[in-house]
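The lines below spell out each chain.
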Amino acid sequence: MAGTLFPGKQAERARGYAQLAWQNPFEPEREEIEKLLLGEAYGRLSERERLSALWEDLERLLGQTRPGFASGKGTQAEREIFQEMVFVRIYHRFMPEFDRLIEQAHERGHAGQRVGFYDRFVREVEEGLPGGLIGRYAGMGLERLFAVMDQIRRAFLHIHRYIIGQSPAANRLRARIWQSIFTRDMDRYQRVLADRMGDIITLITGPSGSGKELVARGIGLSRYIPFDPNARAFTEDFVKAFYPINLSALSPTLIESELFGHRRGAFTGALQNRQGYFETCGPHGTVFLDEIGETDVAIQIKLLRVLQTRQFVPIGETEPKAFTGKLMAATNRDLVAEIQAGRFREDFYFRLNADRVQTPSLREILNGSPGELETLVAFIARKMAGPEEGEKVTAEVCDWIGKKLPVDYAWPGNFRELEQCVRNITVHGDYQPENLEKPAVGEGIAGPWSRGEFTAEELLARYVAEQYARIPNYEELGRRLKLDRRTVKKYLQLKTGS
Ligand SMILES: Nc1ncnc2c1ncn2[C@@H]1O[C@H](COP(=O)(O)OP(=O)(O)OP(=O)(O)O)[C@@H](O)[C@H]1O
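Residues numbered from 1 in each chain as written. Predicted model: local features only at pLDDT ≥ 70, side-chain atom pairs only at ≥ 80, totals over all residues. Heavy atoms only, no water.

An unreviewed UniProt entry annotates the protein as Sigma-54-dependent Fis family transcriptional regulator of Ruficoccus amylovorans.

Engineer: Help me understand the sheet that holds strand S10 (residues 326–331), please; the structure alone is not making it clear to me.
Structural biologist: Strands belonging to one sheet form pairs held by backbone hydrogen bonds; the direction of such a pair is parallel or antiparallel. Pairing within the open sheet is parallel, and its 5 strands lie in the order S4-S7-S10-S1-S11. Either end of the sheet is taken by a strand with one partner, and the two such strands are strand S4 (242–246) and strand S11 (355–358). Strand-to-strand, the axes of this sheet are offset by a mean angle of 20 degrees, without reference to chain direction. Relative to S11, strand S1 (residues 202–205) runs parallel, the two being bridged by 4 bridges. Residue pairing across strands places Thr205 opposite Gln358, the latter belonging to S11. The sheet strands contacting helix H7 (residues 168–182) are S1 and S11, and the helix crosses S11 at an angle near 160 degrees. (Pairing = 2+ DSSP bridges. Helix = DSSP H or I, 4+ residues; strand = E, 2+ residues; numbered from the N terminus. Axes fitted to C-alpha atoms, helices over the stretch in contact; angles between N-to-C directions. Contact = heavy atoms within 4.5 Å.)

Engineer: Can you walk me through the domain arrangement of the protein in this structure?
Structural biologist: Frequently, the measure chosen for interface size is the accessible area removed from exposure when the parts meet. Taken as a whole, the protein is organised into domain 1 (10–139), domain 2 (219–360), domain 3 (363–436) and domain 4 (444–496). Look at where the C-alpha atoms of domain 2 and domain 4 centre, and you get two points 38 Å apart. (Domains from an automatic or database assignment.)

Engineer: How should I be thinking about the packing of helix H4 (residues 76–108) against helix H5 (residues 118–128) in this particular structure?
Structural biologist: For any two helices packed against each other, the geometry is given by the interaxial angle and the distance between the axes. It is at 10 Å that the axes of H4 and H5 come closest, and there the two elements cross at 155 degrees. The orientation of H4 relative to H5 falls into the category roughly antiparallel. Note on packing geometry: the crossing formed by H4 with H5 is right-handed. For the pair H4 and H5, contact is made by Phe82, Val86, Arg89, Ile90, Arg93, Phe94 and Glu97 and by Arg120, Phe121, Glu124, Val125 and Gly128, respectively. (Parallel < 35°, antiparallel > 145°, perpendicular 65-115°, else oblique. Left-handed = near helix turned anticlockwise from the far one by under 90°.)

Engineer: Looking at this structure, I do not really get the side chain of Arg153. What am I missing?
Structural biologist: Relative to the helices and strands, Arg153 is located in helix H6 (residues 142–162). We classify Arg153 as buried; its relative accessible area is 7%. (Buried < 20%, exposed > 50% of the residue type's maximum accessible area, 1.4 Å probe, protein only.)

Engineer: How do you make sense of the site of the ligand when you look at a structure like this?
Structural biologist: The environment of the ligand is formed by 16 residues, the closest being Ser208, Gly209, Lys212, Arg416 and Glu419. Taking Leu214, its main chain carries an N or O atom lying 3.3 Å from an oxygen atom of the ligand. Asn332 is positioned with one of its side-chain polar atoms (N or O) 3.4 Å from an oxygen atom of the ligand. For the shell around the ligand, the per-class residue count stands at 6 nonpolar, 5 polar and 5 charged. (Near = heavy atom within 4 Å. Polar contact = N/O pair within 3.5 Å; in protein donor to acceptor, adjacent residues only side chain to side chain. Nonpolar A, V, L, I, M, F, W, Y, C, P; charged D, E, K, R; others polar.)

Engineer: I tried to follow the UniProt feature "domain: Sigma-54 factor interaction" (unreviewed entry) in the protein on my own but got confused; where do I start?
Structural biologist: UniProt records the feature "domain: Sigma-54 factor interaction" (unreviewed entry) for residues 163–427 in the present numbering. The span residues 163–427 carries 47% helix and 14% strand; its end-to-end C-alpha distance comes to 26 Å. (UniProt positions renumbered as here; feature names shortened; annotations may be inferred.)

Engineer: Is there a simple way to explain H6 in this structure?
Structural biologist: Note that an α-helix has 3.6 residues per turn; residues three or four places apart therefore point the same way. Helix length check: H6 (21 residues) gives 30 Å between terminal C-alpha atoms against 30 Å at 1.5 Å per residue, within 8%. Most of H6 is tucked away, with 17 of its 21 residues classed as buried. (Expected span 1.5 Å × (residues − 1).)

Engineer: What am I meant to see in the pattern of salt bridges here?
Structural biologist: Two side chains carrying opposite charge are able to pair once their charged atoms lie near each other. If you walk through the whole model with that rule in mind, you get 31 salt bridges. Across the pair Lys35 and Glu32 runs a salt bridge whose closest N-O atoms are separated by 4.0 Å. With a gap of 3 residues between them, Lys35 and Glu32 both fall in helix H2 (residues 28–38), about one helical turn apart. Classification of Lys35 by relative accessible area gives partly exposed; the value is 33%. Relative accessible area serves as the criterion here: at 48%, Glu32 is assigned to the partly exposed category. With a shortest N-O distance of 2.9 Å, Glu256 and Lys302 are connected by a salt bridge. Placement of Glu256 in helix H10 (residues 252–260) and of Lys302 in helix H12 (residues 297–309) is noted, with a sequence separation of 46 residues between them. You can call Glu256 buried: its relative accessible area is 16%. (Salt bridge = Lys/Arg side-chain N within 4 Å of Asp/Glu carboxyl O.)

Engineer: Explain the packing of aromatic side chains to me, please; I cannot follow it from the model alone.
Structural biologist: A ring pair, where both rings are aromatic, is described by two values, the distance of the centres and the angle of the planes. Tallying each qualifying case throughout the model produces 30 aromatic pairs. Taking 6.4 Å as the distance between ring centres and 70 degrees as the angle between the ring planes, the aromatic pair formed by Phe260 and Phe312 counts as edge-to-face. Residue Phe260 is found in helix H10, and its partner Phe312 is found in strand S8 (residues 311–312); the two are separated by 52 residues along the sequence. Each member of the pair, Phe260 together with Phe312, is buried. With a centroid separation of 5.7 Å and 50 degrees between ring planes, the pair formed by Phe278 and Phe312 is classed as tilted. Of this pair, Phe278 sits in helix H11 (residues 277–280) while Phe312 is found in strand S8, placing the two residues 34 residues apart along the sequence. Classification of Phe278 by relative accessible area gives buried; the value is 0%. Overall, the relative accessible area of 2% leaves Phe312 in the buried class. One aromatic cluster in this structure is built from Phe94, Phe98, Phe117, Tyr118, Phe121, Phe146, Phe227 and Phe234. A cation over a ring is seen here: Arg50 above Tyr42, with NZ or CZ 3.9 Å from the ring centre. In this structure, Arg79 is placed above the aromatic ring of Phe69, and the distance from its NZ or CZ to the ring centre is 4.1 Å. (Phe/Tyr/Trp six-rings, centres within 6.5 Å; stacked < 30°, edge-to-face > 60°. Lys NZ or Arg CZ within 6 Å of the ring centre and 35° of its normal.)

Engineer: Please clarify how H5 should be interpreted in this entry.
Structural biologist: When we look at burial in H5, the residues that qualify are Tyr118, Phe121, Val122, Glu124, Val125 and Gly128. For H5, the angular spread of the buried residues around the axis is 165 degrees, confining them to a single face. Structurally, H5 contributes buried residues whose contacts are with H4, H6 and strand S2 (227–228). (Arc of directions from axis to C-beta.)

Engineer: Help me understand unusual backbone geometry, please; the structure alone is not making it clear to me.
Structural biologist: Generally, phi is negative for residues other than glycine and the peptide bonds are trans, each holding for most cases. The backbone phi angle of Thr183 is positive, close to 65 degrees, even though this residue is not glycine. You can see Thr183 is positioned in the loop between H7 and helix H8 (186–193). Positive phi outside glycine occurs at Arg232, with the angle close to 55 degrees. With respect to the helices, strands and loops of the structure, Arg232 is situated in the loop between S2 and strand S3 (233–234).

Engineer: Just checking my understanding: could you explain the confidence of the model for the protein for this structure?
Structural biologist: Atom-level detail of predicted coordinates should not be read off regions where pLDDT is low. Confidence in the prediction of the protein, expressed as mean pLDDT, is 89, and 94% of residues score 70 or more. No element of the protein has a lower mean pLDDT than helix H18 (residues 446–450), at 59, and none a higher one than strand S7 (residues 286–290), at 97. Below a pLDDT of 50 lies the segment residues 436–443, which in the model reaches 5 contacts outside its immediate sequence neighbourhood of four places, other chains included. (pLDDT = per-residue confidence, 0-100.)

Have a look at this one:
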């Protein structure tokens, strides 16, 4: 039908709202879209006010354009934009109900059986789009739209809950996790990739205590789970869909038994048949292999086979079974160095390295945003002492750190060390960092230095190694020392003789 659906300035606003529908909420582009939609009011409003202003404006725009849409006005592209706006509105309308569903599942330890608001959801979509879904969504079941909206909400809440702080590094990590869940193209994801993401392995790397397990949990609990409209229930329970195993804490036999399962009598102590994680993990679940850098080669070969064939054989059985879930792995080791040292298989590494997420060290976070220390201390203190007392603990801890630790203290144990620091100061009024007890930098080299015994290369290697203890990241240390990251690594290897 002739005539535009969005006359004048409405076109730009409509496009803005349509973009919001599938935008990664942790990427800077999201802010740009909000600025465009709110104009000069953006700067005056708090985050909460901005959101209500956006929703009010969206309602208004939909109200103005709905009659035109209903009478068939507008080009196909405009009508599809209108549809995206309806999606955004519906998502916003049902957000509190999705949140309740997710929070209650966490509190109970399992998801509920039936979802009460699905019928209302269907009614609202049908009222919003009287002719049914159009364009690339034509023919898509509403249960899929519902499942994707539930997943978006789960991902948002989990990422928010697990990754705290406002530093650029924390924001980048949140945006990256979102991509691991939805890819960088949400629209494509929800049309075709949602069911296939289980084939992509996620490898999380980063120093010890920097939150790798949290990242894994966030991704694992936020996978797409289909909704069965007849049963009015999701086909899997997200709370029970995450199977973590710490490979460095178990013997190879135990690892195999945990993952692959065993038949009764397969080995001494196998008193009963046991299903392994590969079997219990459903198609929308995740098996998380923590400390993958520390598994021995025989296990690596077995895991590689599972990755390649998507099959596994329980110990003591001969028939292979299918593994249908997703695999995730984490390590604080440099896997490339492990390959060079012959401890890690290259083929396994390439198989693992499909989707990489790197957690930043606490030092990296603080370098980009020194004020973040107080935010993180407050988070730990509130968790430990409650909201009110937490304030006082935060003040005491920050005061102590300010007086006793160097401004550029390396925090080699990362977030976990900060937790210990807060606890120690709360309990004892004091904290003794491990590495400050060691001899100060330079003492061990004083003698050979004064006798002129070092070659220039040895001296550099020692200096790089000393600094690496403070800044345990090749890239960042390279920036500080004005060296290429490969050169940093070379000197470190010279120092350690590896
Ligand atoms: N960004 C973060 N926000 C909130 N808590 C965090 C964060 N990073 C780490 N933590 C907390 O620090 C501790 C260590 O985190 P986690 O076990 O996830 O680290 P990791 O990188 O897996 O360590 P490792 O390599 O030693 O296994 C946990 O108590 C976790 O809750």
